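# Notes for the structure review
Spelled out from the first residue to the last, the chains are:
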Amino acid sequence: MLRTQTQTRRRAIRSTSSNACGLYPAVGAASMDPRGVIIGREAYSGKAYIFDPFILYDPKARVRLPSPHVLVLGKSGHGKSALEKTYVLRQLRFRDRSFCILDAQGEDGSGEWDGIARELGITPIRPVYGDADSGEGIRINPLDVRIPAEHQFKVLVSMMEILVGELSSQTKFALAEAHKAASAEARAGGRVAVLSDVLDALTAPCEALLGQQPISPQELIEWGQPAALALDELCNPDRDLAGLFDGPTSEGIDLDARLIVFDLTRLPREGEAMPLLMAVIGPWIRFGWIKPGDSIKRTLIVEEAWHILSHRPVARLFEELVRYGRRLGLSFWAILHHLADLVLEEAPEAAAILKLTATRVVYHLDRDEAEKTADYLGLTSWARKSLPDGANICAPGRAIWQVGSRINLVEHIRTATEIRLTDTNRRMTESAGSEAAPPSAPMVRLRRRAAA
């Protein structure tokens, strides 16, 4: 017997929002902590998706993260750059936030962050190999007094190993003696030591002691020959790598600004140029930018992070920085296209850095790469199936967010101003021309914060 609609109607259920989640569990995932900056919306529930690694590290947070570090993966054109830029712009409205960007992407001699830097009144730092005194580039001294002496030696070893391979114990001993002699001579002259001082001490050493065993100058010259040849590449003005590191640090590098942009686009993408700079910038950031004892929460974002992770000498320095990030109030963001760019079995330091990331944001990937990434990150089956679908589920602007143990599909939302500042496709698209721009909120120019 069929019943009419009025006979089968059921009385409405009245419930609180929290209880409704239990009554209808398939509506969407549980929300994150309500504090922080909004990223967009959770695709299945429509809820606002809010994220801040510093707040989520708080033991009182709804979702507790073991570390503040973030890994962002995905193919070009699907929203990685837009995400990190809008995140920075939104976080800068908090007074206790500071950012350092290593910008390795760009065109026409300027990085992708150039437009944002101009809008905020920031001048990017543009390292260029060559004559820094000509005004075209800057010089960064690996032996700057802001870097403690024991870490200066680590930087020297890393730079030498990038150029000539792993150093023997004898070469490290000769280099250590040359570093001590160069530093002592510079202090006696009332100046800062530079790389050419170390080269001079390597090639004209004094007798040294290895325990109670005297080491003759001739032996030190032989032991230090590999390091001396590497230093010649950096100090000899006729070499391709000369100019950027040999000499005092250039004036005008403001490490107290709330947003620091290192524009690396004028450096060669291949060879030793980029890893050498990364080896120096890491300790510079650790001891020049991060101020112990203050309340500032700092974020270091590295574009094309394979320049760091694929070179073991550089990865060692950054692993130490990332490992102590919680103590330093530092969130490290590594931006990559594919995990396949790295041979993790041959780079344990790179694998350690990736494992220290508690937040993983993965945009569209090809099927084979998606399978490898899902296996490495331990993604669920639905997330594994979603990544290759670049037309629907993981369309541009949508990504799988793995925050601790929670996995969500998140749609990134941008304002009109943010779309203008984060657009990296202008050269490939037609100009809108006469179309009226939608209204947008004004940008707040940064004021220089007083040094801590």
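Below is a short write-up of the structure.

Parameters and conventions
Residues numbered from 1 in each chain as written. Predicted model: local features only at pLDDT ≥ 70, side-chain atom pairs only at ≥ 80, totals over all residues. Heavy atoms only, no water. Helix = DSSP H or I, 4+ residues; strand = E, 2+ residues; numbered from the N terminus. Buried < 20%, exposed > 50% of the residue type's maximum accessible area, 1.4 Å probe, protein only. Axes fitted to C-alpha atoms, helices over the stretch in contact; angles between N-to-C directions. Parallel < 35°, antiparallel > 145°, perpendicular 65-115°, else oblique. Left-handed = near helix turned anticlockwise from the far one by under 90°. Contact = heavy atoms within 4.5 Å. Nonpolar A, V, L, I, M, F, W, Y, C, P; charged D, E, K, R; others polar. Phe/Tyr/Trp six-rings, centres within 6.5 Å; stacked < 30°, edge-to-face > 60°. Lys NZ or Arg CZ within 6 Å of the ring centre and 35° of its normal. Pairing = 2+ DSSP bridges.

### Focus on the environment of Leu 143
- Within the secondary structure, Leu 143 is located in the loop between helix 5 (114-120) and helix 6 (149-164).
- Looking at Leu 143, the relative accessible area reads 2%, which means it is buried.

### Let's talk about the packing of helix 6 against helix 7 (residues 169-188)
- In contact at an axis separation of 11 Å, helix 6 and helix 7 are set at 130° when each is read in the N-to-C sense. Taken together, the axis directions place helix 6 and helix 7 in an arrangement best described as oblique. Judged by the twist between their axes, the crossing of helix 6 over helix 7 is right-handed. Here helix 6 contributes Ala 149, Gln 152, Phe 153, Leu 156, Val 157, Met 160 and Glu 161 to the contact with helix 7, which in turn contributes Lys 172, Leu 175, Ala 176 and His 179.
- The residue makeup of the contact of helix 6 with helix 7, split by class, is seven nonpolar, two polar and two charged.

### A few points about the packing of aromatic side chains
- In this structure the tally under the stated criterion is eight aromatic pairs.
- On the numbers, 6.4 Å between centres and 45° between planes, the contact of Phe 51 with Tyr 87 is tilted. Of this pair, Phe 51 sits in strand 2 (residues 48-51) while Tyr 87 sits in helix 4 (residues 80-91); the two residues are 36 residues apart in sequence, bridging distant segments of the chain.
- Classification of Phe 51 as buried rests on a relative accessible area of 0%.
- Put simply, the rings of Tyr 49, Phe 51, Tyr 87, Phe 99, Trp 333 and Trp 401 touch in pairs and so form one group of aromatic residues.
- The ring of Tyr 57 has Arg 64 lying over it, and the distance from NZ or CZ to the ring centre is 4.4 Å.
- Positioned over the ring face of Phe 94 is Arg 97, at 5.5 Å from the centre of the ring.

### Considering the environment of Leu 175
- Following the sequence through the fold, Leu 175 ends up in helix 7.
- Through-space distance from the C-alpha of Leu 175 to that of Leu 156 is 8.3 Å; in sequence the pair is 19 residues apart.
- Once residues within four sequence positions are removed from consideration, Leu 175 is found in contact with Phe 153, Leu 156, Val 157, Met 160, Leu 167, Val 198, Leu 202 and Ala 227.

### Notes on the pairing of strand 14 (residues 406-412)
- Within strand 14, five of the seven residues are buried, which leaves the element mostly enclosed by the surrounding structure.
- Here strand 1 (residues 37-42) runs beside strand 14; their pairing, made up of three bridges, is antiparallel. Considered in strand 14, the bridge of Arg 41 is made with Glu 411.
- Note that strand 13 (residues 398-403) and strand 14 share six bridges and pair antiparallel. Within the sheet, the bridge partner assigned to Ala 399 lies in strand 14 and is Val 410.

### Some points on the pairing of strand 1
- Looking at chain direction, strand 1 and strand 2 are connected through four bridges and run antiparallel. Opposite Gly 40, over in strand 2, you have Tyr 49 as the bridge partner.
- Connecting strand 1 to the antiparallel partner strand 2 that follows it, the hairpin turn spans five residues, and Gly 46 within it adopts a positive phi of roughly 80°.

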